[in-house]
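Coordinate analysis (summary)
Letter by letter, the chains look like this.
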Amino acid sequence: MEKIWQKTLDSLKQSLTPQHFATWIKPIRFIGVHNDVVELEVPNRFVLDWLKKHYYGTIQECWSNTAGAAYKISLTVASKTAKEPVPAAETSPPATPAPKPKQEKTPPRANAYNLNSRYTFETFVLGSSNQFASAAATAVANNPATTYNPLFIYGGVGLGKTHLVNAVGNAILKKNPEMKVCYYTSEKFMNELINSLRYAKMDEFRTKFRSMDVLLIDDVQFIAGKERTQEEFFHTFNALYDSHKQIVVTSDKFPKEIPGLEERLRSRFEWGLIADIQAPDMETKQAILKMKAEQNGIDLPKEVALFLASAVSSNIRELEGYLVRIGAYASLTATPITLSMAQEVLKDILVEKRRELTVEEIQKLVATHYSIKISDLKSAKRMKALVLPRQIAMYLSRQLTSCSYPEIGERFGGKDHSTIIHAIKKIEKAMDEDYQLRSVINNLKKELSI
Ligand SMILES: Nc1ncnc2c1ncn2[C@@H]1O[C@H](COP(=O)(O)OP(=O)(O)OP(=O)(O)O)[C@@H](O)[C@H]1O
């Protein structure tokens, strides 16, 4: 069946322009055929909708002609990880719509379990927001299981944790092809555990994970509250750690902040190094856009990169989505990318986002988070339990709204602007020194930007 798919691709290539083929067809992943249904996966919703609307019939026709019988096509959006049976040699194709134009196929790597070969250090753009995590990841990749074990990377949605953790795996494999490197999301780990329990295959399950030299577990927060999964993960962790194998874990939260995470796991996550990824600044966002545009063969003017970077607060996946959208539009309408074109293409999406946050919304969220009253937040009471939330709310108000210091002061019960400046300085300093506080504030920001 794989051969039929290859031939289908060949004939699609003949009938489409190279750019359309690269943008829409190349990212499709062939999953298999069940009865008369050809199952295909695509990287995101946008590509799915586009394919359904424009190319469904063509794909179906090409496949059916090649196979010599009528088939239906099923298109689904890929889950975050590749779906190869594990253990299996890695063959996963790109996960974003348009791959590098001249990308060479990577040969299958027998010891790569579920790793995404596209996520490497070479394609990871460095900025002050991810410098620390990237340096820690590089150190681990250079000396697995000697420097930082486990390495715990945390940060908000779409900030590059999956990319970085795969980069560690890919770099280790490149240097040590004999090492067995396994990438799993915690959800996949849990699903496999459930299946192993159901089919009495726990020995196999344990042997598989415990035979790895490097275990990379993404989004570990999802195992919180899942007793059996946590227990099994705990034993896997211990077995690997005791035999000096590298473990890298990612999460959207600092270990202490993951509700429902068992204490014994939490303390293990804190044994090694904890590194965070922050929201990227404007320069980093533009540098990432530049790299992604080059990878996708998109000619992106500087002013459009600036426009996109300022339209997205932090989520790089979202940034990429916008780039793909305008790249696709330019390609399909055969027009160059300009600022006015980008504004037009994204206008519906951005209208929603442009609405500015208010100080009141920030106060409400902070008060809820700390279980205090909004009136206390605005009061002059000096109790410790109120001072920190108040200063955080002031800091966020300055960061996320266009209010001036006096305006913020006004909304906090008529405080002087110097009080606001003092509060912001205190929080900035505390964030430099205190991971946990940084994580709390980032999570609040994340909630506010939804
Ligand atoms: N510094 C970077 N350089 C290049 N690409 C990046 C960078 N950071 C993130 N990306 C890209 O952004 C997209 C989203 O990143 P990724 O999936 O790693 O985020 P995440 O933090 O794991 O998100 P989630 O919280 O949803 O698990 C990926 O395509 C990734 O390649």
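Residues numbered from 1 in each chain as written. Predicted model: local features only at pLDDT ≥ 70, side-chain atom pairs only at ≥ 80, totals over all residues. Heavy atoms only, no water.

**Some remarks on helix 18 (residues 417–433)**
If you check helix 18, its first and last C-alpha atoms are 25 Å apart, about what 17 residues at 1.5 Å a residue would give, namely 24 Å. Of all the positions in helix 18, only Ile420, Ala423, Ile424, Ile427 and Met431 are classed as buried. Taken around the axis of helix 18, the buried residues stretch over an arc of 95°, which confines them to a single face. Exposed side chains of helix 18 directed beyond 90 degrees from the buried face belong to Lys425, Lys429, Asp432 and Glu433. (Helix = DSSP H or I, 4+ residues; strand = E, 2+ residues; numbered from the N terminus. Expected span 1.5 Å × (residues − 1). Buried < 20%, exposed > 50% of the residue type's maximum accessible area, 1.4 Å probe, protein only. Arc of directions from axis to C-beta.)

**Considering the UniProt feature "binding site: ATP" (unreviewed entry) in the protein**
The UniProt record marks Gly158, Gly160, Lys161 and Thr162 with the feature "binding site: ATP" (unreviewed entry), using the residue numbering of this structure. By the secondary structure assignment, glycine 160 is in the loop between strand 6 (151–155) and helix 5 (161–175). What glycine 160 contacts, discounting residues up to four positions off in sequence, is Phe124 and Ile277. In this structure, threonine 162 sits in helix 5. (UniProt positions renumbered as here; feature names shortened; annotations may be inferred. Contact = heavy atoms within 4.5 Å.)

**Comments concerning the confidence of the model for the protein**
On average, the protein scores 87 in pLDDT, and the residues at 70 or more come to 91%. A low-confidence stretch, residues 81–106 (pLDDT under 50), is modelled with 74 contacts involving residues beyond four sequence positions or located in other chains. For this predicted complex, the interface score ipTM comes out at 0.98, alongside a pTM of 0.64. (pLDDT = per-residue confidence, 0-100.)

**A look at the pattern of salt bridges**
Applying the stated criterion across every chain, the model contains 19 salt bridges. With its nearest N and O atoms 2.9 Å apart, the salt bridge here joins aspartate 276 to arginine 438. Separated by 162 residues along the polypeptide, aspartate 276 in strand 10 (residues 273–277) and arginine 438 in helix 19 (residues 435–449) bring together distant segments of the chain. Of the two residues, aspartate 276 and arginine 438, neither departs from the other in class, the shared state being buried. Residues lysine 347 and glutamate 344 are paired through a salt bridge, measuring 2.7 Å at the closest nitrogen-oxygen approach. Residue lysine 347 and its partner glutamate 344 are both found in helix 13 (residues 339–354); the two are separated by three residues, about one turn of the helix. Note on glutamate 344: relative accessible area 46%, which makes it partly exposed. Through salt bridges with shared partners, a single network forms among Arg206, Arg210, Arg228 and Glu232. (Salt bridge = Lys/Arg side-chain N within 4 Å of Asp/Glu carboxyl O.)

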